[in-house]
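Each chain, letter by letter, is given below.
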Amino acid sequence: MADPTPPTSQPEEPKLAAAGEGEEGEAGPSKKALKKAEAKAKKEAEKARRAAEHQAKQAAAKAAAGNTEDLATENYGAVTPQTKVDAERVNLKNVGDEHLGKTIKIRGWIQNARMQGAKMAFIELREERNWAIQGVVAASAEGKPVSKQMVKWIGGLNIESFVLIEGTIEKPLEPVKSVRVANYELHIKKCYCIAPGPEVLGMGLVVANKAVTNFDDEDAGADVSVEEARKAVEATSIDNVPSASMATHLNNPAMHKRAPVQQAIADVRMATRKLFAEYLDSQGFNQFEPPCLIGAASEGGSNVFGMNYFEKQAYLAQSPQFYKQFEIAGGRKRVYCIGPVFRAENSNTPRHMTEFTGLDLEMEIEDDYVEVRHMLEQVLLYIFRGLATRCADQIALIRTIYPSEEFLLPEPGKEVRLTFAEGQALLRAEGPEEYRNVSDDEDMSTPQEKALGALIRQKYNTDFYVLDKFPEGARPFYAIEDPENPKVTNAFDFFMRGQEILSGGQRIHLADVLEARIRKKGVDPTSSGIKEYVDVFRSAGVPPHGGGGIGLDRVVAWYLNLPSVHLASYYPRTPKRLMP
């Protein structure tokens, strides 16, 4: 049976789309087209969002890396010859309400610096002494005049860098307790580093301004490394701030001297020197200048520094004594001098130095040697009273570091003057047991002096007094013997807080008497230096005269009750120290 013939395949007629179902119709885009367009728009928007986000992240990354443009580069950095700051120069101690809102410039040291986030930093800027102010630097929204980079640079400055700053004076929200200028702060607009501080300080300012308690290791030389110097930092005090030894202080002279307490001590020292000269000028004294280099050991002692002087031997003067007397012999009625004195004594104590500053005077005696004693008393009382008024702020600051009781002075007309024998008698009667048998013929030891000073303070309510009529054996060959009792001399010592600060008295003015006493002391009157000294009194008639020598360093140290005279010296010299 034959297969049936397959039906012929005919193409289907296209169906007409219903209205609204095609891509476009007479009524506009179809629903499908609209959905497509909407999806495409969303996709493009998401793409743009992601691109913007990526770009923002890249910009933030660049900013974090410091690659963004810095619009404040002219307002900070290392100082150059082209750096100009035209604002008014104002010292911190003079800042007041009249400066509020004003732009000023200040030069000083970075005392402290800390960042407060990425856009703000605080610094403490210090001028001389302890005059310091808080500085605030904050990044401007537009990046100028202060940028984030500028803030970061200022916040990272090394401590004790010396800078030039321009800023406006404003009131802080509350007083800044960490600085002396507490009621104002400096809003910084420009900052230039004049001299950078080191990465690590050998001794910080806080440590430098602590009390020195160790004076035993002063043999450390200036070549000690920074690390070794730091190891010399001693015990920690109750406020957890360490103190440093005297050796560490002296091996870091810049920071030692930047300490406010040391600057205050230096102020008291210079005021003492000026008051001495001021009073004597008012009393008709003439200042002169003795030499430091001499051709023979003055006073004939062995405690002198010798040196080669071309083809001769020379010495550093251990006293201006002879030259003061030469001035009197030369017709001056009253003279004084201020200068270095050298003693080659191997004494390693808190009260000795091999070089110190002497305040010396000499004057003609008209009737009695007490004229000299009175003059020396008056000049010292003038100094003490002057310091109390002129250096009140410095003394108060020093006492916060080195506490001390007020220096007691006798009432006018009630000055305490004891003979040496009376002082020894007081020690025997009321002093410690070990001084029950002290002699009137032997000089006092340092412990004796301190014990007597404590007794006199208790008995007479004074820290300043005189011991007169020293035994003949305790005085140099030029001291004149008491004509009524040759066992003692018309010589005296002055004391502060039980420690000697002055020796003085009447000198021998007749050549024959002087020569006899020189022999009595076991010195050859024809020896070099001594012969020339005696010959002055043979060359012309010399009037009776006397005077005294005051140790400036000791006056300052004992007035302030410092633990060592070395703290009162600018650059102390001891048997173990010649640097800095």
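Refer to the structure above for everything that follows.
Let me begin by describing the structure that accompanies this report. (Residues numbered from 1 in each chain as written. Predicted model: local features only at pLDDT ≥ 70, side-chain atom pairs only at ≥ 80, totals over all residues. Heavy atoms only, no water.)

### Digging into the environment of R573
With respect to the secondary-structure elements, R573 resides in the segment after α15 (552–560). Taking the C-alpha atoms as reference points, R573 and M353, 220 residues apart in sequence, are found 5.6 Å from one another. Setting aside residues no more than four positions away along its own chain, R573 makes contact with M353, T354, E355, L578, M579 and P580. Polar side-chain contacts of R573 include one of 2.7 Å to the backbone oxygen of P580. (Helix = DSSP H or I, 4+ residues; strand = E, 2+ residues; numbered from the N terminus. Contact = heavy atoms within 4.5 Å. Polar contact = N/O pair within 3.5 Å; in protein donor to acceptor, adjacent residues only side chain to side chain.)

### Concerning unusual backbone geometry
The omega torsion across K144 and P145 is 10°, close enough to zero to call that bond cis. On the secondary structure map, P145 appears in the loop between β7 (132–138) and α2 (148–155). Note the cis peptide between M579 and P580, where omega equals -5°. With respect to the helices and strands, the residue P580 is situated in the segment after α15.

### Some remarks on the sheet that holds strand β14 (residues 306–309)
The three strands lie next to each other as β13-β15-β14, forming an open sheet whose pairing is antiparallel. A strand with exactly one partner marks an edge of an open sheet, and here the two such strands are β13 (293–294) and β14. Sheet topology note: the β14/strand β15 (residues 312–316) ladder contains four bridges and is antiparallel. Bridge pairing links Y309 to K312 in β15. (Pairing = 2+ DSSP bridges.)

### Description of the nonpolar core
One broad rule of soluble globular proteins: the nonpolar side chains tend to lie buried together. If you look at the biggest cluster of nonpolar residues, it comprises 65 residues, and the most contacted ones within it are F276 and L380. No other element matches helix α7 (residues 260–282), which puts 10 residues into this core. Residue assignment places this core across two domains, with domain 2 (205–258) and domain 3 (263–567) each supplying three or more. Leave out the neighbours within four places in its chain, and L380 touches F464, F494, I501, L502, I550 and V555. By size, the runner-up hydrophobic cluster in this structure holds 28 residues, among which are W131, V163, I169 and Y184. (Core = buried A, V, L, I, M, F, W, Y, C linked by side-chain atoms within 4.5 Å. Buried < 20%, exposed > 50% of the residue type's maximum accessible area, 1.4 Å probe, protein only. Domains from an automatic or database assignment.)

### Focus: the packing of aromatic side chains
Counting across every chain of the model gives 21 aromatic pairs. Seen from their ring centres, Y279 and Y382 are 5.2 Å apart, and the 40° between their planes marks the pair as tilted. Note that Y279 is positioned in helix α7 and Y382 in helix α9 (residues 370–390), a separation of 103 residues in sequence. Y279 sits in the buried class, given a relative accessible area of 13%. Y382 gets classed as partly exposed once you look at its relative accessible area, which sits at 29%. Taking 4.9 Å as the distance between ring centres and 55° as the angle between the ring planes, the aromatic pair formed by F420 and F470 counts as tilted. Remark: F470 occurs in the loop between β19 (464–468) and β20 (481–482) and F420 occurs in helix α11 (residues 420–430); sequence separation between them is 50 residues. Judged by its relative accessible area of 1%, F420 falls in the buried class. A relative accessible area of 1% places F470 in the buried class. Among the aromatic residues, those joined into a ring-pair cluster are F322, Y323, F326, F477, Y478, Y533 and F537. (Phe/Tyr/Trp six-rings, centres within 6.5 Å; stacked < 30°, edge-to-face > 60°.)

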